[in-house]
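# Observations on the three-dimensional arrangement
Next come the chains, spelled out residue by residue.
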Amino acid sequence: MTSEASARTAAPRPAYAERLHIPWLAWPGWLLVAALLAAVSWMGSTGLRAWVPFAVLLPLTVFLLWRADRIRVAVTATELQVDDARLPLSVIADVIPLDAAGKREVLGVGSHPLAFVVQRPWIKGAVQVLLDDPADPTPFWVVSSRHPVELATALLRARS
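These remarks concern the structure in this document. Predicted, not measured: the structure shown is a model, and the values here were computed from it. (Residues numbered from 1 in each chain as written. Predicted model: local features only at pLDDT ≥ 70, side-chain atom pairs only at ≥ 80, totals over all residues. Heavy atoms only, no water.)

### Regarding the nonpolar core
Inclusion rule: We call a set of buried residues a nonpolar core when its members are Ala, Val, Leu, Ile, Met, Phe, Trp, Tyr or Cys and they connect through side-chain atoms within 4.5 Å of each other. Type-normalised accessible area, obtained with a 1.4 Å probe on protein chains alone, sets the label of each residue: buried when under 20%, exposed when over 50%, and partly exposed for intermediate values. Secondary structure elements are defined from DSSP: runs of H or I of at least 4 residues count as helices, runs of E of at least 2 residues count as strands, and each element is numbered from the N terminus. Here, residues are in contact when the closest pair of their heavy atoms is within 4.5 Å.
Membership of the largest hydrophobic core comes to 24 residues, with the highest contact counts inside it found for L80, L87, V129, W141 and L155. Of all the elements in the fold, those that place two or more residues in this core are β2 (72-75), β3 (79-82), β4 (85-88), β5 (92-98), β7 (126-131), β8 (140-144) and α5 (148-159). Excluding residues that lie within four positions of it along the chain, W141 makes contacts with L80, V82, A85, R86, L87, F116, V127, Q128, V129 and L131. Judged by nonpolar contacts, the second largest core, of six residues, contains L98, V106, F140 and V142.

Okay, structure coming up:
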């Protein structure tokens, strides 16, 4: 076993972990849209215009769906991890679970322009993480979650 593999297995299990999946029905729907766009571009042409739209649009759609489907949210003993972003638990002042209406209000017209937002429209809930860090101009984070109460509880528990 390599040192990297042993480091991965020795890492403590996160207090909370979630992956922000795209609903499975979106995959065939978006692939159908890409195929229709490619067919419209083709429209009976010959040569490159016959196959390039299909060769570009279908793989591009799969890549974009895969990219949007890979966001992970985790709470470890020391930080909140949202995809590649890391937030130390020591700067968290409070955590507020949000339902669909609360999420819409926080992200609406009066939203702060410096807020860090990872929002997925197909996920109704979210958490608002209020920050207490004078060195950081970011007032809060808003992170989509299918289980906002559990995420908020895990953050508050790990912080204390």
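Moving on from the model shown.
### Focus: a nonpolar patch on the surface
Applicable threshold: Patches draw on residues past 30% relative accessible area with no salt bridge. Two like charges within 9 Å are joined, as are two nonpolar side chains (Val, Leu, Ile, Met, Phe, Trp, Tyr) within 5 Å. The accessible surface values rely on the Shrake-Rupley method and a 1.4 Å probe; as for residues, cover is taken only from the protein chains in view. By definition, a salt bridge exists where a carboxyl oxygen of Asp or Glu is found within 4 Å of a side-chain nitrogen of Lys or Arg.
Taken together, the side chains of L48, W51, V52 and V56 define a hydrophobic patch exposed on the protein surface, amounting to about 390 Å² of accessible area. Position of W51 relative to the elements: it lies in helix α3 (residues 48-68).

### Regarding the packing of aromatic side chains
Selection criterion: Each pair of aromatic rings taken from Phe, Tyr and Trp, with Trp reduced to its six-membered ring, is defined by centres within 6.5 Å and is described as stacked if the planes are under 30 degrees apart, edge-to-face if over 60, and tilted in the remaining cases.
In total, this model carries two aromatic pairs according to the counting rule given. Both rings, one in F63 and one in W66, keep their centres 6.0 Å apart while their planes meet at 40°; by these two values the pair is tilted. Note that F63 and W66 are positioned in helix α3 at a spacing of three residues, about one turn of the helix. Judged by its relative accessible area of 45%, W66 falls in the partly exposed class. Arranged with centres 4.2 Å apart and planes meeting at 40°, the rings of F116 and W141 form a pair that is tilted. Of the two residues, F116 sits in strand β6 (residues 116-118) while W141 sits in strand β8, which places them 25 residues apart along the sequence. By relative accessible area, F116 is classed as partly exposed at 26%.

### Points about the sheet that holds β3
Quick reminder of the rule: When DSSP finds two or more bridges between two strands, those strands count as paired. Orientation is described by axes fitted as lines to C-alpha atoms, over the contacting stretch for helices, and by angles from 0 to 180 degrees between their N-to-C directions.
Strand order in the open sheet formed by four strands is β1-β2-β3-β4, and the pairing between neighbours is antiparallel. Looking at the sheet topology across the chains shown, the edges are occupied by β1 (16-19) and β4. For this sheet, the mean inter-axis angle between neighbouring strands, taken without regard to orientation, is 10°. Sheet contacts for α5: β1, β2 and β3; angle to β2, the most-contacted strand, approximately 35°.

### Here we look at the sheet that holds β7
If you trace the four strands from one edge of the open sheet to the other, you get β5-β7-β8-β6, paired in mixed fashion. Among the strands making up the open sheet, the edge pair consists of β5 and β6. Taking each pair of neighbouring strands and ignoring which way they run, the sheet shows an average axis angle of 10°. As paired elements, β6 and β8 share three bridges and run parallel to each other. Considered in β8, the bridge of V117 is made with V142.

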